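Residues per chain, in single letters:
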Amino acid sequence: MVTDVVGREPITSVCFTKDGQCVLVNASGDSTIKLFDKTSGELLQEFQGHSHKGDYRIDAVLDNTDQKVLAGSEDGNIYVWNLVEA
């Protein structure tokens, strides 16, 4: 078993890229979604702008081409980011 901590906030969703090399992590409280290299644990990208303070379980996912990150928000909107450019 491997354990890792992403800040102090609980993780509400995890999504792997299609090739299994990266993992997208959504943690409540800090309103950021983080993309990590699965092997090294290196932070590759951060996505900000949505609201996720912990009142709801909000998922963050990748589209079917692994080019876009999509996430719900507590403000009632859906946010979409380019995976590479954030």
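Here's what I pulled together on the structure shown here.

What counts, and where the lines are drawn
Residues numbered from 1 in each chain as written. Predicted model: local features only at pLDDT ≥ 70, side-chain atom pairs only at ≥ 80, totals over all residues. Heavy atoms only, no water. Helix = DSSP H or I, 4+ residues; strand = E, 2+ residues; numbered from the N terminus. Buried < 20%, exposed > 50% of the residue type's maximum accessible area, 1.4 Å probe, protein only. Patch = residues over 30% accessible without salt bridge, like charges linked within 9 Å, V, L, I, M, F, W, Y side chains within 5 Å. Areas by Shrake-Rupley, 256 points an atom, 1.4 Å probe, with all protein chains shown as cover. Salt bridge = Lys/Arg side-chain N within 4 Å of Asp/Glu carboxyl O. Pairing = 2+ DSSP bridges.

**Considerations on the environment of Gly20**
- Note that Gly20 resides in the loop between strand 1 (11-16) and strand 2 (22-27).
- Its relative accessible area of 18% is what places Gly20 among the buried residues.
- Spatially, the C-alpha atom of Gly20 lies 9.8 Å from that of Thr39, the residues being 19 residues apart in sequence.

**So, a nonpolar patch on the surface**
- A surface patch of nonpolar side chains, amounting to about 280 Å² of accessible area, comprises Ile11, Val14 and Phe16.
- In this structure, Val14 sits in strand 1.

**Quick word on the pattern of salt bridges**
- Under the defined criterion, the tally for this structure stands at one salt bridge.
- Here Glu46 and Lys34 are joined by a salt bridge, their closest N and O atoms 3.8 Å apart. A residue pair is termed long-range when its members are at least 10 positions apart, and Glu46 in strand 4 (residues 43-48) and Lys34 in strand 3 (residues 32-37) qualify at 12 residues.
- By relative accessible area, Glu46 is classed as partly exposed at 33%.

**Regarding the pairing of strand 2**
- With respect to burial, strand 2 is a largely interior element, six of its six residues being buried.
- Judged by which residues are buried, strand 2 turns out to be covered on both faces: Cys22, Leu24 and Asn26 on one side and Val23, Val25 and Ala27 on the other are all buried.
- In this sheet, strand 2 lies alongside strand 1 in antiparallel orientation, the contact comprising five bridges. By the bridge assignment, Ser13 is partnered in strand 2 with Asn26.
- Counting the residues in the hairpin turn of strand 1 and strand 2 gives five residues, including Gly20, whose phi is positive at 75°.
- Across six bridges, strand 2 lies against strand 3 in antiparallel orientation. Across the sheet, Leu24 pairs through a bridge with Leu35, a residue of strand 3.

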